[in-house]
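Topology and contacts: notes
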Amino acid sequence: MTSVITNPRILLLGGHGKVALAMTPRLLAKGWSVTSVVRNPEHEADIRATAPSPKGTLDVLVSSLDEISTQEDANQIIARVKPHWLIWSAGAGGKGGAVRTNQIDHLAAVAFIRAAAASANVTTFLMVSAFNSRRSRPSWWTDEDWESIVHMNTVTMPDYYRAKIAADEVLTAVAQKRDRSSTMPPMRSVVLRPGWLTDDEPTGKIQLGKTKGTGKVPRADVAETAVRLLEAVQRGWDGGWVDLLSGENDIDSEIGRVVNANENSIDGENLQDIFTKA
Ligand SMILES: NC(=O)c1ccc[n+]([C@@H]2O[C@H](COP(=O)([O-])OP(=O)(O)OC[C@H]3O[C@@H](n4cnc5c(N)ncnc54)[C@H](OP(=O)(O)O)[C@@H]3O)[C@@H](O)[C@H]2O)c1
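Not measured: the values here are computed from a predicted model. (Residues numbered from 1 in each chain as written. Predicted model: local features only at pLDDT ≥ 70, side-chain atom pairs only at ≥ 80, totals over all residues.)

All right, on to the overall build of the protein then. The secondary structure content of the protein amounts to nine helices and eleven strands. Against the compact-globule benchmark of 19 Å for 278 residues, the protein has a radius of gyration of 17 Å, which places it among compact chains. Taking the principal axes of its C-alpha atoms as reference, the protein extends roughly 45 × 40 × 40 Å. Within the protein, buried positions represent 46% of all 278 residues. A fraction of 76% describes how many contacts in the protein between residues 6 or more apart in sequence connect residues 24 or more apart. (Helix = DSSP H or I, 4+ residues; strand = E, 2+ residues; numbered from the N terminus. Rg over C-alpha atoms; globule rule 2.2 N^0.38 Å. Buried ≥ 20, exposed ≤ 12 C-beta atoms within 10 Å, placed from the backbone. Contact = placed C-beta atoms within 7 Å.)

Next comes the structure, spelled out in structure tokens:
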């Protein structure tokens, strides 16, 4: 049983990203503390501007993910901030080619995942992943959906796919290992997998979990859903993979449905293989 942390300290990686900027005021409004990690010191003002009178404490830490390749590298930041929760919302964004995508979306992400899993203080890790990050065809998608994802993963964005799936699988594996540990408390992993991101106004209406195979979602709805999923973890949800698109239902009712049905978009993936990646 995870002990409930009511006022967690959160390490937010990719703090100046668009999703992270939408998350920051929402996290702080809960009274939670946020350390937002950016590479450019000039970005601090933008981050503070999202929450002029924050309920929780906001810190900004300047550090480049270009310098984080190993668990030891990431651990220096975790040891300094001592977070209870980590949120990964960074990404190379397709800029800088395969090398940079591998450095940020794979090496730095996995470094933080492993360092978090090695820290008993960290009880939750939320990864902003993507709906194309999976190896096997979900039974609830159409053939056309799957063909378009295979095309994306093998032709259009293979480097991004390889990086995202590697990080998602390591996170899933290390969380399972923590569950089985007799010396460490569980670390819940939430792999939040939005479709195409837009800057549209939030609607508060989503499809979550085993969604249809293609679609969009505003970044602000991703941010709000992430915060509500963290609250679901506080209430005892074990986490899992959840796909996210714009939809017809309120965020809370979709989360309630997914949690009650124990719905997990990881279904169809090879769990035995994933668990070897811890
Ligand atoms: N685009 C889509 O349609 C889509 C769909 C599904 C999932 N996603 C995923 O959703 C997540 C969030 O998306 P978003 O739109 O918020 O992305 P974003 O605005 O591009 O944010 C990514 C953040 O990562 C930071 N970053 C990149 N390299 C860094 C480095 N070396 N050191 C420190 N920070 C670094 C960037 O910093 P700077 O501000 O300094 O550049 C940026 O703030 C990403 O992981 C993305 O892969 C995207």
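Mapped onto the elements of the fold, Ala51 is located in the loop between helix 2 (44-49) and strand 3 (58-62). Classification of Ala51 as partly exposed rests on a count of 17 C-beta atoms within 10 Å. Considering only alpha carbons, one finds Ala51 and Arg26, 25 residues apart in sequence, at a separation of 8.7 Å. Residues contacting Ala51, with those up to four places away along its chain left out, are Thr24, Pro25, Leu28 and Leu58.

Right, let's talk about the nonpolar core for a bit. The biggest cluster of nonpolar side chains holds 78 residues, and the ones touching the most others in it are Met23, Leu86, Phe112, Ile113, Met127 and Leu192. Filtering out sequence-adjacent residues up to four positions away, Leu192 remains in contact with Leu126, Met127, Val128, Ser129, Thr225, Ala226, Leu229, Val242 and Leu244. (Core = buried A, V, L, I, M, F, W, Y, C linked by C-beta atoms within 7 Å.)

Moving on, we get to the site of the ligand. Near the ligand lie 23 residues; those nearest to it are Gly17, Val19, Leu65, Gly91 and Ala130. Put simply, the parts of the chain that give the shell around the ligand at least two residues each are helix 1 (18-29) and strand 7 (196-198). Per element, the largest residue contribution to the shell around the ligand is three residues, and it comes from helix 1. By residue class, the composition of the shell around the ligand is eleven nonpolar, eight polar and four charged. (Near = placed C-beta within 6 Å. Nonpolar A, V, L, I, M, F, W, Y, C, P; charged D, E, K, R; others polar.)

Another point: the UniProt feature "domain: NAD(P)-binding" (unreviewed entry) in the protein. In the numbering used here, UniProt assigns the feature "domain: NAD(P)-binding" (unreviewed entry) to residues 14-231. Annotation note: span residues 14-231, helix share 46%, strand share 17%, distance between end C-alpha atoms 21 Å. (UniProt positions renumbered as here; feature names shortened; annotations may be inferred.)

Moving on, we get to the sheet that holds strand 4 (residues 85-88). Paired through backbone hydrogen bonds, the strands of a sheet run either parallel or antiparallel to each other. Strand order in the open sheet made by the nine strands is 3-2-1-4-5-6-10-8-11, with mixed pairing throughout. The open sheet terminates on both sides in strands that have one partner only, identified here as strand 3 and strand 11 (249-250). Where strand 5 (residues 124-128) meets strand 6 (residues 188-194), five bridges bridge the pair, whose relative direction is parallel. Within the sheet, the bridge partner assigned to Leu126 lies in strand 6 and is Val190. Lying over the sheet, helix 6 (residues 158-180) contacts strand 5 and strand 6, oriented at roughly 155° with respect to strand 6. (Pairing = 2+ DSSP bridges. Axes fitted to C-alpha atoms, helices over the stretch in contact; angles between N-to-C directions.)

It is worth spelling out the pairing of strand 3 at this point. Bridge count for strand 2 (residues 33-38) against strand 3 is five bridges, and the pairing is parallel. Looking at strand 3, one finds that Val38 is bridged to Val62. Once the chain exits strand 2 it traverses helix 2 before rejoining the sheet at strand 3, and the crossover so formed is right-handed. (Right-handed = clockwise from strand over helix to strand, strands pointing away.)

Turning to the environment of Gly268, a few remarks are in order. Within the secondary structure, Gly268 is located in the loop between helix 8 (251-261) and helix 9 (271-275). With 226 residues separating them in the primary sequence, Gly268 and Glu42 have C-alpha atoms 44 Å apart. Beyond its immediate chain neighbours, meaning those up to four positions away, Gly268 contacts Ser136, Arg137, Pro138 and Ser139.

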